[in-house]
Amino acid sequence: MILLQSPSKYLLQILTTRLENLDKGVELDSYWIEFNDVRYHVQASMKNPNLLFLSVSLPPPPPETVSFGGLPPGAIEAIKAAYGVVAQILDPPRDGFSLTLKLNLSKLPPDEEHKHGVLTKIASVREVVLGAPLRVFLKQLASRTVASDIDKVVALVHRPMESFFLIPQVEKVTVVFPMRFKDSIDILLATSFLKEFVDARRTAGLNNAPPCSWSPSPPPELKGAPPEALSSNAGFVSFVIFPRHVEGRKLDRTVWSLSTFHAYVSYHVKCSEGFMHTRMRRRVESLIQALDGAKPDYEKAVKATQNRSFKRLSLKDGRSSLKSFS
């Protein structure tokens, strides 16, 4: 299975190309959408080639989640910690966007490896912002310092008007995803995929992976969640995260894998659908070839008939022929 990468490849390409061509001072104005839920806008002018404005539109949060100025809790602190002096948060952001960053490329570190690391982190702005509240809870799990006054069920946004849920405890954090799909075929494929996904976790080589379960109805851990947030047509997937899953560098990978889990499933559902369509087309083509091979060659048959010549026998010739049989 293919794992989605955290940095936006297109954004990283824009940043790298811009840095390599600062002397040319080319104007830049680009829009695009990734994961069908995050919209980007990058703009730069010829007058100030070192300045670049990055705007991000996040998925609109559902009512059960908490946000501050359109951003998840802890997003501002996460941005400052990740980008330092390179990025400045503009308040208010540009129209139609949740966040606008003013990037100063002249303040990037001189070391090439460190510079590339900062650019990669900027290209991972989706993880930094949307994964900020999840990162806070997983850090508390790693240090076993879960707040005592926290709600039993915490809702976090991950898709437009959709949320997933955390049940934080001192020794573990349970993460529950209500899986929703619009297309009926996607629902069937996703349900089958998720069941196989859970079964694959039981193999011997994945003993250290987080325990995973699937159920068609909400699990007992979501008793305190609002009923309107528990609608699902492809069941509920639950992961149990232990401190060993968020130690050191594992934290970044765990945050990214959880915050993009729905996109991960959607990607493989569409790949499976495309694979089946390809197999069906190949099967149809082979059947057509078999049918074509079974047809008589009509044109050759007509030509053979046209080339035949018949000699008309006279009455005398006919009598002599009959005598030969007598």
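Conventions adopted
Residues numbered from 1 in each chain as written. Predicted model: local features only at pLDDT ≥ 70, side-chain atom pairs only at ≥ 80, totals over all residues. Heavy atoms only, no water. Phe/Tyr/Trp six-rings, centres within 6.5 Å; stacked < 30°, edge-to-face > 60°. Helix = DSSP H or I, 4+ residues; strand = E, 2+ residues; numbered from the N terminus. Buried < 20%, exposed > 50% of the residue type's maximum accessible area, 1.4 Å probe, protein only. Lys NZ or Arg CZ within 6 Å of the ring centre and 35° of its normal. Pairing = 2+ DSSP bridges. Axes fitted to C-alpha atoms, helices over the stretch in contact; angles between N-to-C directions.

Colleague: Before we move on, can you summarise the packing of aromatic side chains with the specific residues and values?
Modeller: This model, assessed by the stated rule, comprises 13 aromatic pairs. Look at Phe-197 and Phe-239: their rings are 6.2 Å apart centre to centre, the planes differ by 85 degrees, and that puts the pair in the edge-to-face class. Here Phe-197 is found in helix 6 (residues 184-201), whereas its partner Phe-239 is found in strand 10 (residues 236-241), with 42 residues between them in sequence. For the pair Phe-197 and Phe-239, a shared accessibility class is recorded, and that class is buried. Taken together, the ring pairs in this structure connect Phe-164, Phe-177, Phe-193, Phe-197, Phe-239, Phe-261 and Tyr-264 into an aromatic cluster. Of note, Arg-94 hangs over the ring of Phe-53, and the distance from its end group to the ring centre comes to 4.6 Å. Taking the ring centre of Phe-35 as reference, the NZ or CZ of Arg-126 above it sits at 4.7 Å.

Colleague: Describe the sheet that holds strand 4 (residues 87-89), and please don't skip the residues or the numbers.
Modeller: The strand order across the open sheet formed by 5 strands is 1-2-3-5-4, and the pairing between neighbours is antiparallel. Each of the sheet's edge strands pairs with one partner strand only, and the pair in question is strand 1 (28-34) and strand 4. In this sheet, neighbouring strand axes are inclined to one another by 20 degrees on average, regardless of whether the strands run parallel or antiparallel. Bridge count between strand 1 and strand 2 (residues 38-44): 7 bridges; the pairing is antiparallel. By the bridge assignment, Leu-28 is partnered in strand 2 with Ala-44.

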